[in-house]
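# Commentary on secondary and tertiary structure
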Amino acid sequence: MTTSAELIEVSERRSAHNYHPLPVVIHEAHGAWVTDIEGKRYLDCLSGYSSLNFGHGHPKIIEAAQEQLKNLTLTSRAFYHDQFAQFCTGLGDLTGKDMILPMNTGAEAVETAVKVARKWGYQVKGVEPDQANIIVMEDNFHGRTTTIISFSTDPDARDDFGPYTPGFRIVRYGSADAIRQAIDANTVAVLVEPIQGEAGVLVPPDGYLSEVRALCSAEGILMIADEIQSGLGRTGQTFACDFEGVVPDIYVLGKALGGGVVPVSAIAANRDVLGVIQPGQHGSTFGGNPLACAVGNAVIEILNTGEFQARAAKLGEVLHTRLRELIGQGVLEVRGRGLWAGVDIDPSIATGREVSKALMKRGVLAKDTHGSTIRLAPPIVVSEEDLLWAISQLADALYELKTS
Ligand SMILES: *Cc1c(COP(=O)(O)O)cnc(C)c1O
């Protein structure tokens, strides 16, 4: 039998080192639990960066995928297929928008939003040719394409990948004033994560999103909300923008939209915005394919019940209450909403990676970000008992690291 150590050694030798995985080789997963090739079980507290909000192997999603696999998997957008209309209608209704443009990965959806905002700027707002700018935030994460990393402030994400795409202005996250000062006649949009996930689950000050919304409306520019990680139930609402009753001009969605099965992303906007795109101007061979739409339709049906949003809100209270009790016990700060927490570890005790490794030994899979932050985002199907157990493992791991 092949061992984990052997598979890890080959993986490291034969793949680019663009990730630094924890040393676990997963073989199968159901609900909130995964099993490695040696049969050890772990509670998944990462959920594929919130791609698995509804759990591993959700029966409705798997059934939809299996049914679709039997019938039709790909047509390209050269033809219509029988899952497409429902997908666009369902996602349009979920977001309250007229139109959908489907893609595959999150980065592609962000690129789509950038292109649509620019075209809208030239054709509707009347911005001078090639002069459009988009305001983005410090510490953003929107994906890995050359244009997107052009406006990253993370040296790892950006350095040595130039020349960079121009047309972006970076301002401080959480300050509507900073946005106001950066706006000029050529500004077409503000691109913002309602909660900055990769930055460490940073929740902006109360009122920020409403201020951004009001500012964009007053200035006649588009508010683009990247809800790829914050959306689709994770925070206890369908969208993190819902906490402030804010409706952006463009929703950018991905991750959980694919139910943890296939990459499915999309932007949603009204006709006055998305109507600027005409045949041949944007596309993707796999975007909106039948399998993706069938899975997306199952995800949308699940979200329409509101069950997962309510569950994330309820379990989120448990999560945050218990995590806050660890402040002073190796934890400096806890942030987040719903079943999503960024936990800053006291760096004098351990790095985030050391805590992740200690948790892994104890049967909890979590991942560090930015040195000393641990992100906790279990699938929303997690039981309250398992959630409490995972937090007690964190408490014990911190105690052990502190006293060793
Ligand atoms: C993950 C993520 C992306 C990129 O999605 P990919 O599918 O990895 O390309 C973009 N924006 C946010 C907020 C994300 O969390």
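For clarity, every value in this text was computed on a predicted model and none was experimentally measured. (Residues numbered from 1 in each chain as written. Predicted model: local features only at pLDDT ≥ 70, side-chain atom pairs only at ≥ 80, totals over all residues. Heavy atoms only, no water.)

### Thoughts on the pattern of salt bridges
For the structure shown, the criterion picks out 13 salt bridges. Residue Arg 337 pairs with Asp 206 through a salt bridge whose shortest N-O separation is 4.0 Å. One end of the pair, Arg 337, is in the loop between strand 11 (331-336) and strand 12 (341-345); the other, Asp 206, is in the loop between strand 7 (187-192) and helix 9 (208-219), with 131 residues separating them in the sequence. On the basis of relative accessible area, Arg 337 is assigned to the partly exposed category, the value being 22%. (Salt bridge = Lys/Arg side-chain N within 4 Å of Asp/Glu carboxyl O. Helix = DSSP H or I, 4+ residues; strand = E, 2+ residues; numbered from the N terminus. Buried < 20%, exposed > 50% of the residue type's maximum accessible area, 1.4 Å probe, protein only.)

### A short note on the domain arrangement of the protein
Domains assigned within the protein are domain 1 (4-57 + 307-403) and domain 2 (72-304). Between the C-alpha centres of domain 1 and domain 2 the distance comes to 27 Å. Every contact between the two is made by 27 residues of domain 1 and, on the other side, 28 residues of domain 2. The contact between domain 1 and domain 2 buries some 2300 Å² in all, and 57% of this surface belongs to carbon and sulfur atoms. Summed over the three residues of domain 1 that lose the most area to domain 2, namely Gln 309, Arg 337 and Trp 340, the buried surface amounts to 35% of that side. For the pair domain 1 and domain 2, the number of links is 2 salt bridges. Across the pair Glu 198 and Arg 375 runs a salt bridge, and its minimum N-O distance is 2.6 Å. In this structure, the connection of domain 1 to domain 2 is made through 17 residue pairs in polar contact (both at pLDDT 80 or more). (Domains from an automatic or database assignment. Contact = heavy atoms within 4.5 Å. Buried area = accessible area lost by both parts, 1.4 Å probe. Polar contact = N/O pair within 3.5 Å; in protein donor to acceptor, adjacent residues only side chain to side chain.)

### Quick look at the environment of Met 137
Note that Met 137 resides in strand 5 (residues 133-137). For Met 137, a relative accessible area of 1% corresponds to the buried category. Along the backbone, Met 137 and Gly 306 are 169 residues apart, and their C-alpha atoms lie at a distance of 31 Å. The residues contacting Met 137, other than those within four sequence positions of it, are Ile 170, Val 171, Arg 172, Tyr 173, Ile 179, Val 190, Leu 191, Val 192, Gln 196 and Tyr 208.

### Brief notes about the sheet that holds strand 2 (residues 33-36)
Pairing in this open sheet of 4 strands is mixed, and the strands run 1-2-3-13 from one edge to the other. Strand pairing shows two members of the sheet lacking a second neighbour, strand 1 (26-30) and strand 13 (364-365), which therefore form its edges. Here strand 1 pairs with strand 2 via 4 bridges, running antiparallel. Paired with His 30 across the strands is Trp 33, a residue of strand 2. (Pairing = 2+ DSSP bridges.)

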